[in-house]
Each structure stands twice: as C-alpha cells, then as structure tokens.
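Here are the chains, one letter per residue:
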There are 2 protein chains.
Amino acid sequence: MKKQATSSYDKAFNALGDPTRRAIFEKLRVRPLAVVEIADGLPVSRPAVSQHLKVLKDARLIRVHREGTRNLCQIDTRGVLAMRNYLDNFWDIALAAFKQAAEKHKKHE
Amino acid sequence: MKKQATSSYDKAFNALGDPTRRAIFEKLRVRPLAVVEIADGLPVSRPAVSQHLKVLKDARLIRVHREGTRNLCQIDTRGVLAMRNYLDNFWDIALAAFKQAAEKHKKHE
DNA sequence: TTTAATGGTAAGTTTGTACTTACGGTAAGT
DNA sequence: ACTTACCGTAAGTACAAACTTACCATTAAA
C-alpha cells in the first residue's frame, strides 16, 4: 500500500463520509441523472447538491457530461475501485492473522 | 442493497472519512497496538486518539480488549466487510452498464 | 428575441466536530 | 503505601464544511 502525496482513495473516503453525498451516490446507482433530478427528493437545496457533486467528481466517484442544458451524472468506477483496493489490504492482513491463529491452535491440540 | 434505520456501512464510511482516523486504522494494519503506541507519532494528543478510537470501535472497524493496564486495539473485519459489500453493489451496476454498452456497440457494427 | 429550464459560483451563516487541557480512575510495579 | 504507566471522559474552543440566498451564464423552446 504505497503512500502518495494525496492518495486516490483519500478523497473518495472523505467524499462518501458525508451522508448527503452517499444519498446522491446511491441515487445514481439506478441510472444516470441530471442535477435537478438528483436534488429532487433530497432535503437540501440544488446549489448544495452542486457543491456535493463537485466533491464526488473530484474524488472520481462520478462522471459528468453535458447533454443540452442538462448535466448528466453517472457513477465513476475508478473511485470505487480505489476504495476497494484500499480495503482489500486490510482484509488480507486479517486473513493472515486468522491463518496464523489457526496454525497456532493446530499446534496445541 | 437493503436500507436499514442505520446501516452498518454508514458509521464505517463516516469513520474512515477523517484523515486522522484513517492514519490510526492504517497503523493497526501492521499489528495490534496499545493506545499510547497509536498516539505516538501522530500529530494529535492522546485524548484525541481515544475519541477517534471510540468512533472506529462503534463503526466495527476495530476491536479493543484490555491487557493489564493497556488497551490493545486491532482491526475488526466486520466494518471492512460491510464497506466492501456496499461498494460491490456499485461495482456490479457499473459492470452491467458496461455490458449493455458493449451489446449495443456490437449491434451497430 | 423573449421566455423557461438548467445549473455553477459567490458570499455569508451556522452547525458539527476535531482538537485542546484538566481531571479521575484503574492496574502494576517499587 | 506510594508512584508510575495507561487511559477514558468532561468541558470548552476553534476551525472546517455543509448549508442558505442571490446572482449570472448557457441552452433550448416559444
């Protein structure tokens, strides 16, 4: 797990750390949505959503492309993958620890 | 992806959203550590670390058990697994979308 | 060209939270 | 018994950031 000046997973975890941004992110799971559609139903204003989208985009968790006057947003797998890889590191260590414990237990029986 | 009153991944993402807590979490990747050892090297005070550990513990990202006067902390895979499962949902959707796009492209050639 | 729809940004406020110091409490050495 | 090491919690502060309203820009439709 190399440590860079600012890791790719760094911004991603920070982005999904906010419940409103998670709500936005989950909305996009169904299908790509315009900014208005995202804001609709959420308990915050549209400008707030715009600010959140900027954070998500910067974290590579969403992609945005214009379609006429609309800004269509969709999930970007790069951020998701970065977080997954990060978590896998800890998963591996846990498995190794478990394995070691199992070996030790085997010795004692 | 079922939605509960307060999801298991909810607290986990919130916990790892903070850079100091990520630093603590990463320190534990090597081996279980006491609170003092965790605080050592970090740019924050020991009480601050204690408060962070509480959040991580509540998110099921670490386990704590006393050993004499020391409180040994180690990584809890339950929180890690919860986040992994959450991310996998989006991963699947992305794969499906990609697959659909590939099919569409195939039709047009 | 006017009107309506979409949405980004600026500026200011407010709230949450990540910190600090101070204190008390427990367990293990001496 | 005293001292030392380890640690959690309370109380208060300071700063980050999640909001708001107001405004302007762009594009499409009337």
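Worth saying up front: this structure is predicted, and the values here are computed from it rather than measured.

Size of an interface: often given as the accessible area lost when the parts come together. At the junction of the two partners, chain B supplies 17 residues and chain A supplies 17 residues. Only α1 (8–16) and α5 (77–108) of chain B provide two or more residues apiece to the side of chain B that touches chain A. Counting residues per element, the side of chain B that touches chain A draws most heavily on α5 of chain B, at 10 residues. When its residues are assigned to classes, the side of chain B that touches chain A shows 10 nonpolar, four polar and three charged.

Moving on: the protein's contact with DNA strand C. As a structural note, the neighbourhood of DNA strand C is formed by 21 residues, with A34, V36, P47 and S50 of chain A together with S45 of chain B the closest of them. Residue assignment for the surface near DNA strand C shows that the elements contributing at least two residues are α3 (35–39), α4 (46–58) and β3 (70–75) of chain A together with α4 (46–58) of chain B.

Within the structure, DNA strand D sits among 20 residues, and S45 of chain A together with A34, V36, P47 and S50 of chain B are positioned closest to it. Of all the secondary-structure elements, those providing two or more residues to the surface near DNA strand D are α4 of chain A together with α3 (35–39), α4 and β3 (70–75) of chain B. Broken down by element, the residue count for the surface near DNA strand D peaks at five residues, all from α4 of chain B. A breakdown of the residues in the surface near DNA strand D according to their chemical character gives eight nonpolar, nine polar and three charged.

What follows concerns the sheet that holds β3 of chain B. In space, the three strands of this open sheet follow the order β1-β3-β2 (chain B), with antiparallel pairing throughout. The open sheet has two edge strands, β1 (33–34) and β2 (62–67) of chain B, and neither has a second partner.

Turning to the environment of G41 of chain A, a few remarks are in order. Residue and element names in this part refer to chain A. Examined against the element boundaries, G41 turns out to sit in the loop between α3 and α4. Judged by C-beta crowding, with 8 C-beta atoms within 10 Å, G41 ranks as exposed. Each C-alpha atom, one on G41 and one on I75, is 19 Å from the other, the two residues being 34 residues apart in sequence.

A few words now on the nonpolar core. The biggest cluster of nonpolar side chains holds 48 residues, and the ones touching the most others in it are A12 and M83 of chain A together with A12 and M83 of chain B. Discounting residues that sit within four places of it in the chain, M83 of chain A has contacts with Y9, A12 and F13 of chain A together with L87 of chain B.

Taken as a whole, chain A shows an average pLDDT of 86; of its residues, 79% reach a score of 70 or greater. In the model, residues 104–109 of chain A has pLDDT below 50 throughout and makes zero contacts with residues more than four positions away in sequence or in other chains.

An ideal rise of 1.5 Å per residue puts 18 Å on 13 residues; α4 of chain B measures up with 18 Å between its terminal C-alpha atoms. Buried residues along α4 of chain B sit in contact with α1, α2 (19–27), α3, β2 and β3 of chain B.

Before going further, it helps to spend a moment on the sheet that holds strand β1 (residues 33–34) of chain A. Residues and elements named next belong to chain A. In spatial order, the strands read β1-β3-β2; together these three strands make up an open sheet with antiparallel pairing. At either margin of the open sheet sits one strand with a lone partner, and together these are β1 and β2 (62–67). Along the sheet, α4 contacts β2 and β3; its crossing angle with β2, the most-contacted strand, is approximately 120 degrees.

Analysis parameters
Residues numbered from 1 in each chain as written. Chains lettered and ligands numbered in written order. Predicted model: local features only at pLDDT ≥ 70, side-chain atom pairs only at ≥ 80, totals over all residues. Contact = placed C-beta atoms within 7 Å. Helix = DSSP H or I, 4+ residues; strand = E, 2+ residues; numbered from the N terminus. Nonpolar A, V, L, I, M, F, W, Y, C, P; charged D, E, K, R; others polar. Near = placed C-beta within 6 Å. Pairing = 2+ DSSP bridges. Buried ≥ 20, exposed ≤ 12 C-beta atoms within 10 Å, placed from the backbone. Core = buried A, V, L, I, M, F, W, Y, C linked by C-beta atoms within 7 Å. pLDDT = per-residue confidence, 0-100. Expected span 1.5 Å × (residues − 1). Axes fitted to C-alpha atoms, helices over the stretch in contact; angles between N-to-C directions.

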